[in-house]
Amino acid sequence: MLRRQSQRESAARTYARSLPIVPVRARGLTIEGADGRRYLDCLSGAGTLALGHNHPVVLEAVRRVLDSEAPLQVLDLATPVKDAFVTELFTNLPAELAADARIQFCGPAGTDAVEAALRLVRTATGRTGLLAFTGAYHGMTTGSLDASGGAEGVRVTRLPYPSDHRCPFGVGGAEGAALCARWTEHLLDDPKGGVPAPAGMILEPVQGEGGVVPAPDDWLRRMREITAARGIPLIADEVQTGVGRTGAFWGVDHSGVVPDVMVLSKAIGGSLPLAVVVYRGGLDVWRPGAHAGTFRGNQLAMAAGTATLAYVRENRLAERAAGLGARMLAALHGMTAGHPYVGDVRGRGLMIGLELVDPEAPDHDGGPAPAAPHLAAAVRRACLDRGLIVELGGRHSSVVRLLPPLTLTDEQAAAVLDRLADALDAVAR
Ligand code: PMP
């Protein structure tokens, strides 16, 4: 089956290459392949599965819509299903934003919502420039690619994102983050800096694809102050960090920062495609029809999303993610201390990364050891052999990432760590 599909699919496909599995059944943390093998899934549909696979409350919500004979395609018309989704989402938004926020359904992917956010702030400010960060990932369409860190963006000023392990200024910690903030301020205020008038600043509270790099709370608060003082809308891309993933309902909640625009997707659709932007009412300057698209009313995704958001809220899964994530991080630090190839362990909540490095690489110049994508790929492969699915990330694909469901039990967490430890041992041998 794999070979038949591979012959037809574009070379651009990625997961099918790194995960040669044919999933036929899934529940919670577990995926079962056509060959009967079972895997612990710490990729979670790239972070879409806050409640794991096929959670009963999600299935029940979807079935209810299917059984009700409600129309499944209604463009962006009002429906009871949509009303319930908006009500539940707004219950969970930062109160200051919820007070006067507008919501816009985009669709169906995260990158669509990023595009809408970028167009929104450009329309609202009449400016075009964008402030974005090194290491960022916002999607694969033209505007979101510009904003992402890998490519040189058109009309984008690239700013340093703080990182303890690979600090742009080589110092790390609070000092490195303060230098990043000062650099940003200086660039914006230097009349000779050549920064085009910014329409907005876009950032991730924890960079996910960039290799699990949590932004320090103080730095995030400085970004809020810097943008507010200059009338620059702040866009938080919470596509990956939202819905409890980082140990708070939204990634920005740790710092108390309230952005002007929030970009939401992945988990808000409870595993089905859904993407929205939420923004302060004052930014709502669109003419009717100015930003449209056909698939903005996915009723099944809204129902699955409502069930997911409510379940996370009612069961305090963000707090659970904070506690369990901290314990897993501590265990990983202990487990990898002295490991020759694990250069860093970091994360927030249930968004965890291990950076693989190669101290013996010929280009090691005495600073942090060079990133080792070949070792990260070997760890992923060794994990798969042991029935554990993990993801890679980071600029060099050298970071092994864990994004387990927020419903992960202590026993499951222990099993994940055991298999990962075993895989790391195998690679070090
Ligand atoms: N923003 C962030 C922070 C993401 O992590 C992603 C996807 N990994 C996107 C945007 C793009 O979402 P999508 O792949 O659904 O277009």
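Being a predicted model, the structure only gives us computed values, none of them experimental.

## Quick look at the site of the ligand
Thought 1: Residues in close proximity to the ligand total 15 residues, the closest being Ala109, Gly110, Thr111, Gly139 and Val239.
Thought 2: Tallied by class, residues from the shell around the ligand come to five nonpolar, seven polar and three charged.

## Here we look at unusual backbone geometry
Comment: phi is negative for the bulk of residues other than glycine, and the bulk of peptide bonds are trans.
Thought 1: Note the cis peptide between Gly107 and Pro108, where omega equals -5 degrees.
Thought 2: Checked against the element boundaries, Pro108 lands in the loop between β4 (101-106) and α7 (110-125).
Thought 3: Positive phi outside glycine occurs at Lys266, with the angle close to 45 degrees.

## Points about the nonpolar core
Thought 1: Counting residues in each nonpolar core, the largest one holds 126 residues, and the members touching the most others are Ala113, Ala117, Val261, Val263, Val277 and Leu356.
Thought 2: Tallying contributions element by element places helix α11 (residues 299-314) first for this core, with nine residues.
Thought 3: Residues in contact with Leu356, not counting those within four places in the same chain, are Tyr341, Val342, Gly343, Ala372, Leu375, Ala376, Val379, Ser398 and Val400.

## Some points on α11
Thought 1: Here α11 is 16 residues long and its end C-alpha atoms lie 22 Å apart, about the 22 Å a rise of 1.5 Å per residue gives.
Thought 2: With respect to burial, α11 is a largely interior element, 13 of its 16 residues being buried.
Thought 3: Phi turns positive, to about 50 degrees, at Arg316, one or two residues after α11.

## Concerning the environment of Gly282
Thought 1: Mapped onto the elements, Gly282 comes out in the loop between β12 (275-280) and α11.
Thought 2: A residue is classified by how many C-beta atoms lie within 10 Å of it, and Gly282, with 11 of them, is exposed.
Thought 3: Spatially, the C-alpha atoms of Gly282 and Asp260 are 9.4 Å apart, while their sequence positions differ by 22 residues.

## Focus: the packing of helix α4 (residues 56-67) against α11
Thought 1: Two elements in contact, α4 and α11, have axes separated by 8 Å at closest approach and are oriented at 145 degrees. At the point where α4 passes α11, the crossing takes the right-handed sense. Mapping the contact onto sequence places Val57, Val58, Ala61, Val62, Arg64 and Val65 in α4 and Gln299, Leu300, Ala303, Ala304, Thr306, Ala307, Thr308 and Tyr311 in α11.
Thought 2: Residue classes in the contact of α4 with α11 are distributed as 10 nonpolar, three polar and one charged.

## Section: the sheet that holds strand β17 (residues 399-402)
Thought 1: An order of β13-β14-β17-β16 is seen for the four strands of this open sheet, with the pairing classed as antiparallel. A strand with exactly one partner marks an edge of an open sheet, and here the two such strands are β13 (342-348) and β16 (391-393). Along the sheet, successive strands turn relative to each other by an average axial angle of 25 degrees, direction set aside.
Thought 2: As judged from the four bridges shared by strand β14 (residues 351-356) and β17, these two strands associate in the antiparallel manner. Residue Leu354 lies in a different strand from β17, and its bridge partner there is Val400.
Thought 3: Along the sheet, helix α13 (residues 373-385) makes contact with β14, β16 and β17, crossing β17 at roughly 35 degrees.

Conventions used here
Residues numbered from 1 in each chain as written. Predicted model: local features only at pLDDT ≥ 70, side-chain atom pairs only at ≥ 80, totals over all residues. Near = placed C-beta within 6 Å. Nonpolar A, V, L, I, M, F, W, Y, C, P; charged D, E, K, R; others polar. Helix = DSSP H or I, 4+ residues; strand = E, 2+ residues; numbered from the N terminus. Core = buried A, V, L, I, M, F, W, Y, C linked by C-beta atoms within 7 Å. Buried ≥ 20, exposed ≤ 12 C-beta atoms within 10 Å, placed from the backbone. Contact = placed C-beta atoms within 7 Å. Expected span 1.5 Å × (residues − 1). Axes fitted to C-alpha atoms, helices over the stretch in contact; angles between N-to-C directions. Left-handed = near helix turned anticlockwise from the far one by under 90°. Pairing = 2+ DSSP bridges.

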